[in-house]
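Architecture and fold: a report
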Amino acid sequence: MFVETIAPEDATGEIAALYRADIEDMGFVMSATECWTARPDFLPVWHTFLEKLKGGFSLPTRDWRLITFIAAKQIPSSYCSVVYGRLLVDDLGSTRMVKAVQADFRNAGLSGRDVAMLDYAEKIALNAYRITETDIAGLRTVGFSDVEIADIALCASLRCFMARFFDAVGAGPEAAFVAPDPAFGHAMAVGRPLARTDPSA
């Protein structure tokens, strides 16, 4: 981390509780959690906001991950791409499929609905000002409601904010996301290079 944050052993109160939740879920405190404690007052507020958004998300978890993954490529954010690439292996069935989606989601064998969703997410991450009512009409045509369209926009836009903050303060992918398959982990890096600790990677 490039900035001073609250280490797990020094955490108290709400921050300690959020750190414990990470440890129970992941086995460690993610730097994506710890980095917010550069502003100690902000982590609980941020956590509440993110949990509310994700808890009320109108699309499946798989879609949240796909949107995030494609937005991460365009930002570009190695941290988010590595983490969500790993999470998508189960959703998409193989590392080969995840690599295919990262390389070209339009020709990776996804449904027309998925391609429309990801095309919109990609435009948001690249040039949201170029989106027109025609884009929204196309999403409606493949079955998305306006609430779902808004949620795609929220997910992609939020990732732009989060990923840029992570890079700006030095948060990066934990070994747990890279070590199981170093070659795959390094293939997912789209921005800041990952540290190469495994000569076979």
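Right above here is the structure, for reference.
Below is a short write-up of the structure. (Residues numbered from 1 in each chain as written. Predicted model: local features only at pLDDT ≥ 70, side-chain atom pairs only at ≥ 80, totals over all residues. Heavy atoms only, no water.)

1. Let's talk about a nonpolar patch on the surface
Taken together, the side chains of Met1, Phe2 and Val3 present a nonpolar region at the surface, about 280 Å² in accessible area. Mapped onto the elements, Val3 comes out in the segment before helix 1 (13–26). For Val3, a relative accessible area of 33% corresponds to the partly exposed category. (Patch = residues over 30% accessible without salt bridge, like charges linked within 9 Å, V, L, I, M, F, W, Y side chains within 5 Å. Areas by Shrake-Rupley, 256 points an atom, 1.4 Å probe, with all protein chains shown as cover. Salt bridge = Lys/Arg side-chain N within 4 Å of Asp/Glu carboxyl O. Helix = DSSP H or I, 4+ residues; strand = E, 2+ residues; numbered from the N terminus. Buried < 20%, exposed > 50% of the residue type's maximum accessible area, 1.4 Å probe, protein only.)

2. Here we look at the state of the cysteines
Chemically, a disulfide is nothing more than a covalent bond linking the sulfur atoms of two cysteines. For the coordinates displayed, the defined rule picks out zero disulfides. With no disulfide of its own, Cys80 has Cys35 as its nearest cysteine by sulfur position, at a separation of 9.8 Å. Its relative accessible area of 3% is what places Cys80 among the buried residues. Considering cysteine sulfurs only, Cys80 is the nearest to Cys160, which forms no disulfide, with 9.8 Å between them. Since its relative accessible area comes to 10%, Cys160 is described here as buried. (Disulfide = S-S within 2.5 Å.)

3. A few points about helix 5 (residues 78–92)
Taking 1.5 Å of rise per residue, the 15 residues of helix 5 would be expected to cover 21 Å, and the 20 Å separating its terminal C-alpha atoms lies within 8% of that figure. At Arg86, helix 5 shows its maximal bend, which comes to roughly 30°. Among the 15 residues that make up helix 5, eleven are buried, leaving the element largely enclosed by the rest of the structure. Within the sequence span of helix 5, burial applies to Ser78, Tyr79, Cys80, Ser81, Val82, Val83, Tyr84, Gly85, Leu88, Val89 and Leu92. Gly93 occupies a position one or two residues after helix 5 and carries a positive phi of about 100°. (Expected span 1.5 Å × (residues − 1). Bend = angle between axes of the 7 residues up to and from the residue.)

4. Considering the nonpolar core
Counting residues in each nonpolar core, the largest one holds 66 residues, and the members touching the most others are Ile67, Val101 and Phe166. At eleven residues, helix 9 (residues 146–169) tops the list of elements feeding residues into this core. (Core = buried A, V, L, I, M, F, W, Y, C linked by side-chain atoms within 4.5 Å.)

5. Remarks on the side chain of Thr33
Secondary-structure assignment places Thr33 in helix 2 (residues 31–34). One polar contact links Thr33 to Asp22, side chain to side chain, over a distance of 2.7 Å. Setting aside residues up to four positions removed in sequence, Thr33 forms contacts with Tyr19, Asp22 and Leu43. (Polar contact = N/O pair within 3.5 Å; in protein donor to acceptor, adjacent residues only side chain to side chain. Contact = heavy atoms within 4.5 Å.)

6. Brief notes about the environment of Ala116
As for its position among the elements, Ala116 is in helix 7 (residues 112–127). Here the alpha-carbon distance between Ala116 and Ile136, two residues 20 residues apart in the chain, equals 9.9 Å. In this view, Ala116 contacts Leu139 and Val142; residues no more than four positions away in its chain are not counted.

7. Some remarks on the side chain of Ser78
When you line up the elements, Ser78 lands in helix 5. Exposure remark for Ser78: the relative accessible area of 2% places this residue in the buried category. Excluding residues within four positions of it along the chain, Ser78 makes contact with Ala189, Val190, Gly191, Arg192 and Leu194.

8. Focus: helix 8 (residues 133–141)
All of the buried residues along helix 8 are Asp135, Ile136 and Leu139. For helix 8, the angular spread of the buried residues around the axis is 95°, confining them to a single face. Pointing more than 90 degrees away from the buried face of helix 8 are the exposed residues Glu133, Thr134 and Thr141. The inward-facing, buried residues of helix 8 abut helix 7 and helix 9. One or two residues past the end of helix 8 sits Gly143, with phi positive at roughly 110°. (Arc of directions from axis to C-beta.)

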